[in-house]
Amino acid sequence: MTGWNASDIPDQSGRTAVVTGANSGIGYITARELARKGARVVLACRSEARGTAALDQLRSEVPGARAEFGALDLGDLDSVRKFAGTFSGGERLDLLINNAGVMALPYGRTADGFETQFGVNHLGHFALTGLLLPRILDTPGARVVSVSSGFHALADIDIADLNSERRYRRWIAYGRSKTANLLFIHELARKLAARGSDVVAAAAHPGYASTNLQTAGARMEGRKTAERVMELGNRIAAQPAEAGALPTLYAATAPGVRPDSFTGPRLMMWRGAPAKSWRARWTLDDAAGERLWAASEQLTGVTY
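No experiment lies behind these values; they were computed from the predicted model shown. (Residues numbered from 1 in each chain as written. Predicted model: local features only at pLDDT ≥ 70, side-chain atom pairs only at ≥ 80, totals over all residues. Heavy atoms only, no water.)

Caption draft 1: Molecular detail of the overall build of the chain. Summing up its helical and strand segments, the chain has ten helices and eight strands in all. Counting over 304 residues, the chain shows a buried share of 57%. Long-range pairs, those at least 24 residues apart, make up 76% of the contacts in the chain between residues at least 6 apart in sequence. If you sum the accessible surface of the chain, you get close to 12,700 Å²; carbon and sulfur atoms cover 52% of it. (Helix = DSSP H or I, 4+ residues; strand = E, 2+ residues; numbered from the N terminus. Buried < 20%, exposed > 50% of the residue type's maximum accessible area, 1.4 Å probe, protein only. Contact = heavy atoms within 4.5 Å. Areas by Shrake-Rupley, 256 points an atom, 1.4 Å probe, with all protein chains shown as cover.)

So, in structure tokens, the structure goes:
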């Protein structure tokens, strides 16, 4: 994969992709580049205003793109079910890109009462994937790609306190949600292999990419100094969103991607072309994956 870039994406004509959080950042770039290669792309976004604005921008950048907006709030399981219900029986779904996420927010809860980072980053995508899985399984060569983070190294999940009710530390909670993303892919890959499916479940991370994710928490709390520091870090040290999207695009489209692989930037997991990425040992723990899976089914009411 040396030097792999967006021009190396294989032709996607005739394929359908859902990209969550596609209104900005690496989600938008992912959707745009898939559309550029001929895929029909669904921009699954919480905000209709931002989602339709992104759709207009994509169509202006990729004339003739087959793209559409889909309303999806990962912090509301009713919204997740409604979005999944728009996919009719027999409709193909080649790529599900679980990209949307929140980072280091002040403590909050989703519409269903889950801690926001765990609820949006993990449970929302767990439910979405489960509800769309019949379409995915019926599509030859389909893939599920979840976007995690190098920050998963901050913490393993705490199965006894998934919603951080005992103690909330925003960065630890974020790290646990990103560990949950990797454990989900690990367990999904095991289950797909057990049933003999050719669906590939893989993970990716963008390294340090310049997006609005870094500043959201500080902006919500009105911490202007912290927001300016994050903005400065983005300008000085981060790679552009176009580069940050490459590991996701690689995991979604490159030939030979292995189940349960983890792709990130080559240089110190920070920046550069896509490469195999280091991951913490606890993200490969079968027993932990099974426990998280069982808890996620119970919490969401979505069984696979």
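Caption draft 2: Geometry of the pattern of salt bridges. Under the defined criterion, the tally for this structure stands at 14 salt bridges. Here glutamate 91 ties to arginine 40 by a salt bridge, and the two come within 2.8 Å at their closest N and O atoms. Of this pair, glutamate 91 sits in the loop between α3 (77-84) and β4 (95-98) while arginine 40 sits in strand β2 (residues 40-45), and the two are 51 residues apart along the sequence. An identical accessibility class is assigned to glutamate 91 and arginine 40; each is buried. (Salt bridge = Lys/Arg side-chain N within 4 Å of Asp/Glu carboxyl O.)

Caption draft 3: Broad picture of the pairing of strand β3 (residues 66-71). Bridge count for β2 against β3 is six bridges, and the pairing is parallel. Bridge pairing links valine 42 to glutamate 68 in β3. A crossover connection joins β2 to the parallel β3 through helix α2 (residues 48-61); in handedness this β-α-β unit is right-handed. (Pairing = 2+ DSSP bridges. Right-handed = clockwise from strand over helix to strand, strands pointing away.)

Caption draft 4: α2, seen in detail. For α2, spanning 14 residues, the distance from its first C-alpha to its last is 20 Å, which sits close to the expected 20 Å at 1.5 Å a residue. Gly51, Ala54, Leu55 and Leu58 are the residues of α2 that are buried. Angularly, the buried residues of α2 cover 105 degrees about the axis, an arc narrow enough to put them on a single face. Opposite the buried face of α2, at more than 90 degrees from it, the exposed residues are Ala49 and Ser60. For α2, the secondary structure elements touched by its buried residues are α1 (25-36), β2 and β3. (Expected span 1.5 Å × (residues − 1). Arc of directions from axis to C-beta.)

Caption draft 5: Expanded view of the packing of aromatic side chains. Inspection of the entire model under this criterion finds eleven aromatic pairs. Here phenylalanine 184 and tryptophan 293 contribute two aromatic rings whose centre-to-centre distance is 5.7 Å and whose plane-to-plane angle is 20 degrees, an arrangement assigned as stacked. Pair noted here: phenylalanine 184 is in helix α5 (residues 170-194) and tryptophan 293 is in helix α10 (residues 286-300), with a separation of 109 residues, a long-range link. A residue is classified by how much of its surface remains accessible, and tryptophan 293, at 6% relative accessible area, is buried. One aromatic cluster in this structure is built from Phe126, Phe184, Trp293 and Tyr304. (Phe/Tyr/Trp six-rings, centres within 6.5 Å; stacked < 30°, edge-to-face > 60°.)

Caption draft 6: The arrangement of helix α4 (residues 116-137) in detail. Between the first and last C-alpha of α4 there are 29 Å, a value that for 22 residues agrees with the 32 Å anticipated at 1.5 Å per step. Of all the bends found along α4, the most pronounced is centred on leucine 131 and spans about 45 degrees, while proline 134, a proline, follows it within four residues. Counting buried positions over the 22 residues of α4 gives 19, a clear majority of the element. Two or three places before glutamine 117, at the opening of α4, glutamate 115 has a side-chain oxygen 2.9 Å from that residue's backbone nitrogen. (Bend = angle between axes of the 7 residues up to and from the residue. Polar contact = N/O pair within 3.5 Å; in protein donor to acceptor, adjacent residues only side chain to side chain.)

Caption draft 7: A look at the environment of alanine 71. Residue placement: alanine 71 occurs in strand β3. A sequence separation of 28 residues divides alanine 71 from leucine 43, and the C-alpha atoms of the two residues are 8.3 Å apart. In contact with alanine 71, not counting residues within four places along its chain, are Cys45, Ser79 and Phe83.

Caption draft 8: Quick peek at unusual backbone geometry. Look at alanine 104: it is not a glycine, yet its phi comes out positive at around 55 degrees. Take alanine 104: it is sitting in the loop between β4 and α4. Located in the positive-phi region is serine 164, a residue other than glycine, with phi close to 50 degrees. With respect to the secondary-structure elements, serine 164 resides in the loop between β5 (143-147) and α5. For serine 164, a relative accessible area of 6% corresponds to the buried category.

Caption draft 9: Expanded view of the packing of α3 against α4. Close contact between α3 and α4 brings their axes to 9 Å; oriented N to C, the two are set at 25 degrees. Comparing their axes, α4 and α3 come out roughly parallel. Once α3 is placed against α4, the crossing between them reads as right-handed. The residues of α4 that touch α3, namely those facing Leu77, Val80, Arg81, Phe83 and Ala84, are Gly124, Ala127, Leu128, Leu131 and Leu132. Split into classes, the residues belonging to the contact of α3 with α4 amount to eight nonpolar, one polar and one charged. (Axes fitted to C-alpha atoms, helices over the stretch in contact; angles between N-to-C directions. Parallel < 35°, antiparallel > 145°, perpendicular 65-115°, else oblique. Left-handed = near helix turned anticlockwise from the far one by under 90°. Nonpolar A, V, L, I, M, F, W, Y, C, P; charged D, E, K, R; others polar.)

Take it as geometry only, folks, not as evidence of what the structure does.
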